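For reference, the chains in residue letters:
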Amino acid sequence: MVGRVASDETRDGVALTNLDQPLFDGAGATKRDLVDYLDAVADRILPALRDRALSVVRVRPGQEPFMQKNLPKYAPDWVRSISVWAEASRRRVTYALCDDRRTLLWFANQRAVEYHPALFVGARPTHMVLDLDPPEGSDAFPLAVRGAYLVRQALEDAGLAGAVKTSGAKGVHVFVPVAAGTAVEDLAAATRAVGARAERLDPELATTAFIREDRAGKVFIDSTRAGGATVVAAYSPRIRPGVPVSFPVAWSRLDQVTPADFTIRTAPGLLKGEDPWVDAMPEPQRLPADLVEEGHTIPVARVQAMHEGKRRARARRGE
């Protein structure tokens, strides 16, 4: 083929191009490294993506990374999709469904580095998620770990259990599978209640303050992921120096690791034929009634923050 370069190849019928190009500035990796990694962990990452509306973060040479929600019109006809109403933008969005190796390789060739699936399968919510976001600083991840242990305690006190993973950045994600039939509004309420209870366990360490300037250097317990939000998938790479990945960790080892321990170069060798995310995940659980009831008394953080932001803006104009 005229113009074909040595770095091109085909896998599972997918043409892969420009494989020897740098992935992004600071990656220390090529596009081939991304493709090889995703191919190596396909059996692990695909269960976290299958049947879920997928957003990806892509990075093109010389451009800033960008999130892609709508499936491009040039996508192959074998890439499955799902149409979802987006309340925020008041329009329908056609998301990809990444259900098989061929689709994953196609996304890799599109330089899709990060994979952010919905927390729904169809219309059914599947997990409660709490995102521990630490303040900036060299001790960011250890603070996030301490915040995650607060969440674990709050869950245990409510009779619930969850699995934990690094976010691939500086934070930690706690996932709690919920029983079929859980109402979205009740799941959102219960998530708020868990966040509030975790904050009460150590208010000097943790906060549920949605407005960043109100967090006072504390770990932010983000309990707003229920509903239409996404969370980066287990085993997904991140657009960070060294290309770390979001990786499952046993609760007993969480304070013994760092995000840099898990990268596209090291993660495949750590799996050894296992899927620690599946192994660590508890069975789906019913939400305790008192947790749901408490959560319904807690204002929705995004809405509360919007009103507070407007109030502060008016106050500044008044000054």
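Residues numbered from 1 in each chain as written. Predicted model: local features only at pLDDT ≥ 70, side-chain atom pairs only at ≥ 80, totals over all residues. Heavy atoms only, no water.

- If you look the chain up in an unreviewed UniProt entry, it shows as ATP-dependent DNA ligase from Nonomuraea phyllanthi.

1. Considerations on the pattern of salt bridges
1) Next: Under the definition given, this model contains 20 salt bridges.
2) Next: D99 is the salt-bridge partner of R80, the closest N and O atoms lying 2.0 Å from each other. On the criterion of sequence distance, the pair formed by R80 in the loop between β4 (66–68) and β5 (81–86) and D99 in the loop between β6 (91–97) and α3 (101–109) is long-range, its members being 19 residues apart.
3) Next: Note on R80: relative accessible area 45%, which makes it partly exposed.
4) Next: One continuous salt-bridge network, built from bridges that share partners, spans E9, R11, D12, D20, R32, D36, D39 and R101. (Salt bridge = Lys/Arg side-chain N within 4 Å of Asp/Glu carboxyl O. Helix = DSSP H or I, 4+ residues; strand = E, 2+ residues; numbered from the N terminus. Buried < 20%, exposed > 50% of the residue type's maximum accessible area, 1.4 Å probe, protein only.)

2. Some thoughts on the domain arrangement of the chain
1) Next: According to the domain assignment, the chain consists of domain 1 (11–117) and domain 2 (124–229 + 281–306).
2) Next: A separation of 27 Å is found between the C-alpha centroids of domain 1 and domain 2. (Domains from an automatic or database assignment.)

3. Some thoughts on the packing of helix α4 (residues 140–157) against helix α5 (residues 184–201)
1) Next: Two numbers describe how α4 lies on α5: the axes approach to 8 Å, and their chain directions differ by 115°. By crossing handedness, the relation of α4 to α5 is classed as right-handed. Contacts between α4 and α5 involve L150, V151, Q153, A154 and L155 from the former and V194, R197, A198 and L201 from the latter.
2) Next: The class makeup of the residues in the contact of α4 with α5 is 7 nonpolar, 1 polar and 1 charged. (Axes fitted to C-alpha atoms, helices over the stretch in contact; angles between N-to-C directions. Left-handed = near helix turned anticlockwise from the far one by under 90°. Contact = heavy atoms within 4.5 Å. Nonpolar A, V, L, I, M, F, W, Y, C, P; charged D, E, K, R; others polar.)

4. Some thoughts on the sheet that holds strand β12 (residues 172–177)
1) Next: A sheet is described by the order of its strands in space; here 6 strands give the open sequence β13-β14-β10-β12-β11-β15, paired in mixed fashion. Both outer strands of the open sheet, β13 (206–207) and β15 (248–249), are each paired with one neighbouring strand and no more.
2) Next: Of the strand pairs in this sheet, strand β10 (residues 127–133) and β12 are connected by 6 bridges, and their pairing is antiparallel. Across the sheet, M128 pairs through a bridge with V176, a residue of β12. (Pairing = 2+ DSSP bridges.)

5. What to know about unusual backbone geometry
1) Next: At V243, a residue that is not glycine, the phi angle is positive and equals roughly 50°.
2) Next: Mapped onto the fold, V243 is located in the loop between β14 (219–222) and β15.
3) Next: On the basis of relative accessible area, V243 is assigned to the buried category, the value being 0%.
4) Next: With phi around 50°, K272 is a residue other than glycine that occupies positive phi space.

6. Examining helix α1 (residues 31–40)
Owing to its 3.6 residues per turn, the α-helix aligns residues three or four sequence positions apart on the same side.
1) Next: Residues of α1 that are buried include every one of K31, L34, V35, Y37, L38 and D39, and no others.
2) Next: Those residues of α1 hidden inside the fold are in contact with β1 (9–11), β2 (14–16), α2 (42–49), α3, β7 (112–117) and α6 (267–271).

7. Structural notes on the environment of A163
1) Next: Looking at where A163 falls in the secondary structure, it is placed in strand β11 (residues 163–166).
2) Next: For the pair formed by A163 and P248, sequence separation is 85 residues and the distance between their alpha carbons is 7.8 Å.
3) Next: Excluding residues that lie within four positions of it along the chain, A163 makes contacts with H173, V174, F175, W251, W277, A280, M281 and P282.

8. Side note on the environment of R58
1) Next: Structurally, R58 is set in strand β3 (residues 53–58).
2) Next: Distance from R58 to Q110, taken between C-alpha atoms, is 7.3 Å for residues 52 residues apart in sequence.
3) Next: Sequence-distant contacts of R58, defined by excluding residues within four places in its chain, comprise P65, F66, Q68, Y74, Q110, R111, A112 and I239.
4) Next: Among the polar contacts made by the side chain of R58, one reaches the main-chain carbonyl oxygen of Q110 at a distance of 2.9 Å. (Polar contact = N/O pair within 3.5 Å; in protein donor to acceptor, adjacent residues only side chain to side chain.)

9. Let's talk about the packing of α1 against α2
The relative placement of two packed helices is expressed as an angle between their axes plus a distance between the axes.
1) Next: Direction vectors running N to C along α1 and α2 enclose 75°, while the axes themselves pass 5 Å from each other. When the interaxial angle is binned, α1 and α2 end up roughly perpendicular. Residues L38, D39 and A40 of α1 pack against A42, R44 and I45 of α2.
2) Next: Taken together, the residues that form the contact of α1 with α2 break down as 4 nonpolar, no polar and 2 charged. (Parallel < 35°, antiparallel > 145°, perpendicular 65-115°, else oblique.)

10. Notes on the packing of aromatic side chains
1) Next: What the rule picks out here adds up to 8 aromatic pairs.
2) Next: With centroids separated by 5.2 Å and ring planes inclined at 80°, the aromatic side chains of F175 and W277 adopt a geometry described as edge-to-face. Taken as a pair, F175 in strand β12 and W277 in helix α7 (residues 276–280) lie far apart in primary sequence, 102 residues in all. For the residue pair F175 and W277, the accessibility class agrees, reading buried in each case.
3) Next: Chaining the aromatic ring pairs together yields one cluster made of Y74, W106, F107 and Y115.
4) Next: Taking the ring centre of W78 as reference, the NZ or CZ of R102 above it sits at 4.1 Å.
5) Next: Sitting over the face of the ring of F220, R215 holds its NZ or CZ atom 3.8 Å from the ring centroid. (Phe/Tyr/Trp six-rings, centres within 6.5 Å; stacked < 30°, edge-to-face > 60°. Lys NZ or Arg CZ within 6 Å of the ring centre and 35° of its normal.)

11. Here's the deal with the side chain of T126
1) Next: Along the chain, T126 turns up in the loop between β9 (124–125) and β10.
2) Next: A polar contact is formed between the side chain of T126 and the side chain of R52, at a distance of 3.0 Å.
3) Next: Here the side chain of T126 touches H127 through a polar contact of 2.8 Å, side chain to side chain.
4) Next: T126 has contacts with R52, L119, V121, V176, P177 and V178, leaving out every residue within four places of it along the chain.

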